[in-house]
Amino acid sequence: MYDVIKIKVNNQNVFFFPNHLKLNKDDYVIVEYENNLWFGICMDKIKRVSKKETLFPLPKVIRKATYADIRKKEENKKLEKEAMKEAKKLADRLHLNMNFINVSYTFDKKQLYFIYISEERIDFRELAKKLAQKYKTRIELRQIGVRDKAKTIGGLGPCGLFLCCHSFLTDFNSVSINMAKNQFLALNPSKINGVCGRLLCCLNYEDETYKKLKEDLPKIGSYVKSKEITGKIVGLDVFKRTCKIEVEKNNIVEMKCDEVNVTTK
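Source: prediction; values computed, not measured.

**Let's talk about a positive patch on the surface**
Logical step 1: Positive charge collects at one region of the surface, where K77, K78, K81 and K85 lie side by side.
Logical step 2: Mapping K78 onto the fold places it in helix α1 (residues 67–93).
Logical step 3: Since its relative accessible area comes to 60%, K78 is described here as exposed.

**Some details on the layout of surface pockets**
Logical step 1: Roughly 650 Å³ of volume is contained in the largest pocket.
Logical step 2: In terms of lining, the largest pocket is formed by 28 residues, of which the most central are Q12, N13, K151, T170 and D171.
Logical step 3: Mapped by element, the contributors of at least two residues to the lining of the largest pocket are β2 (12–16) and α3 (146–153).
Logical step 4: Examining the composition of the lining of the largest pocket, we find that four residues originate from one element, β2, more than from any other.
Logical step 5: Taken together, the residues of the lining of the largest pocket sort by class into twelve nonpolar, nine polar and seven charged.
Logical step 6: Considered as a void within the structure, the second largest pocket measures approximately 430 Å³ in volume.
Logical step 7: As for the second largest pocket, its lining consists of 19 residues, of which K8, F39, I41, K73 and K77 are closest to the centre.
Logical step 8: Elements with a minimum of two residues in the lining of the second largest pocket: β1 (2–9), β4 (36–42), α1 and β7 (99–105).
Logical step 9: Per element, the largest residue contribution to the lining of the second largest pocket is five residues, and it comes from α1.
Logical step 10: Classifying every residue of the lining of the second largest pocket by side-chain character gives eight nonpolar, six polar and five charged.

**Some thoughts on the sheet that holds strand β13 (residues 251–256)**
Logical step 1: Strand order in this open sheet of five strands is β13-β12-β11-β10-β14, and the pairing throughout is antiparallel. Since the sheet does not close on itself, it has two edges, and those belong to β13 and β14 (261–263), each with one partner. Across this sheet, the average inter-strand angle for adjacent strands is 50°, counted without regard to direction.
Logical step 2: Across three bridges, the pairing between strand β10 (residues 223–225) and β14 is antiparallel. By the bridge assignment for β14, Y223 is matched with T263.

**Focus: α1**
Logical step 1: Over its 27 residues, α1 extends 40 Å from the first C-alpha to the last, a length consistent with the 39 Å expected when each residue adds 1.5 Å.
Logical step 2: For α1, the full list of buried residues reads D69, K73, N76, E80, A83, M84, E86, A87, L90 and A91.
Logical step 3: Elements in contact with the buried residues of α1: β3 (28–33), β4, β6 (61–64), β7, β8 (111–117) and α2 (125–135).

**So, the nonpolar core**
Logical step 1: One finds M98, F100, L112, F114, L127, L131 and L141 to be the most contacted residues of the largest nonpolar core, which totals 20 residues.
Logical step 2: Those elements giving two or more residues to this core turn out to be α1, β7, β8, α2 and β9 (138–143).
Logical step 3: With five residues, the top contributor of residues to this core is α1.
Logical step 4: Among all residues touching L112, those that are not within four sequence positions of it are A83, V103, S104, Y105, Y135, T137, R138, I139 and E140.
Logical step 5: Listed in part, the 13 residues of the second largest apolar core include I5, V29, W38 and Y113.

**Structural notes on the sheet that holds β9**
Logical step 1: Judged by pairing direction, the sheet is mixed, and its three strands sit side by side in the order β7-β8-β9 without closing on themselves. Only two strands of the sheet have a single partner each, and these edge strands are β7 and β9. Between one strand and the next, the sheet's axes are offset by a mean angle of 20°, whatever the strand orientation.
Logical step 2: As judged from the six bridges shared by β8 and β9, these two strands associate in the parallel manner. The residue bridging Q111 from the neighbouring strand is R138, located in β9.
Logical step 3: Its contacts with the sheet put α2 on β7, β8 and β9, and the angle it makes with β9 is roughly 140°.
Logical step 4: Contacting β7 and β8, α3 runs over the sheet at an angle of about 50° to β7.

Quick notes on the rules
Residues numbered from 1 in each chain as written. Predicted model: local features only at pLDDT ≥ 70, side-chain atom pairs only at ≥ 80, totals over all residues. Heavy atoms only, no water. Patch = residues over 30% accessible without salt bridge, like charges linked within 9 Å, V, L, I, M, F, W, Y side chains within 5 Å. Areas by Shrake-Rupley, 256 points an atom, 1.4 Å probe, with all protein chains shown as cover. Salt bridge = Lys/Arg side-chain N within 4 Å of Asp/Glu carboxyl O. Lys, Arg positive; Asp, Glu negative; His and termini not counted. Charge placed at Lys NZ, Arg CZ, Asp CG, Glu CD. Helix = DSSP H or I, 4+ residues; strand = E, 2+ residues; numbered from the N terminus. Buried < 20%, exposed > 50% of the residue type's maximum accessible area, 1.4 Å probe, protein only. 1 Å grid on protein atoms, 1.4 Å probe; cavity = no way out; pocket = protein on both sides within 12 Å on 5 of 7 lines; lining within 4 Å. Points joined across faces, edges and corners; volume = space filled by probe spheres on them. Nonpolar A, V, L, I, M, F, W, Y, C, P; charged D, E, K, R; others polar. Pairing = 2+ DSSP bridges. Axes fitted to C-alpha atoms, helices over the stretch in contact; angles between N-to-C directions. Expected span 1.5 Å × (residues − 1). Contact = heavy atoms within 4.5 Å. Core = buried A, V, L, I, M, F, W, Y, C linked by side-chain atoms within 4.5 Å.

Structural data, given as structure tokens:
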């Protein structure tokens with residue numbers, strides 16, 4: 001088991017080794033991540049996990065942030081806003097179709113990241129050259145997709161809560177339309193898609209539970225019979241463990257699943 005803590009760094013939730021520091025939620029810290037120093041905020045308390053629960057090796061927390069560190073972060077924020085405006089101006093001048101989402105300095109300002117989205121592949125070499133000349137630091141431009149955009153910007157989901165990807169998710173797990181079918185959800189994009197336009201990440205949360213609950217239940221479309229009736233299953237309630245049986249056209253009866261047996265038509 002290992003002591004780890006989740007820290008938001010450059011709009012990403014990443015697990016770190018606390019490096020024997022006593023850290024709590026909302027503490028500001030200086031961390032080493034992707035070979036750079038970053039300013040971060042603790043998203044949770046220190047917890048113990050097994051090696052299977054996260055990806056190793058993990059980066060480390062360098063120290064708790066001091067008052068001077070916090071002031072430096074605020075200064076960097078002002079510079080980032082100016083860099084965002086400059087990048088947009090230069091991109092327009094070079095006729096580059098780039099929508100800049102976020103600009104971030106590393107804590108020590110040795111690198112400046114520009115995050116953007118675009119529907120096409122961009123040759124940004126000239127833009128990177130001009131930005132490097134102006135800011136006298138290493139420049140990195142990253143093109144991201146719509147899910148990463150939602151993760152970076154944040155917002156409210158259809159549930160009314162802050163987006164999972166922006167709040168606590170560290171990775172995007174695979175989500176399929178079969179998960180929506182498995183949970184008997186209407187396959188309406190407005191109901192099962194998130195603000196990013198892709199399938200809701202939360203379809204993952206209950207999928208295994210639905211699979212286990214349905215294991216010993218008859219399938220929709222199968223024919224069943226009991227002492228009183230014979231018909232076709234047209235619906236299931238996995239929590240009440242009942243099935244809706246069509247015995248005649250437009251005549252539907254609801255019964256306990258353990259009171260019927262699957263049969264041939």
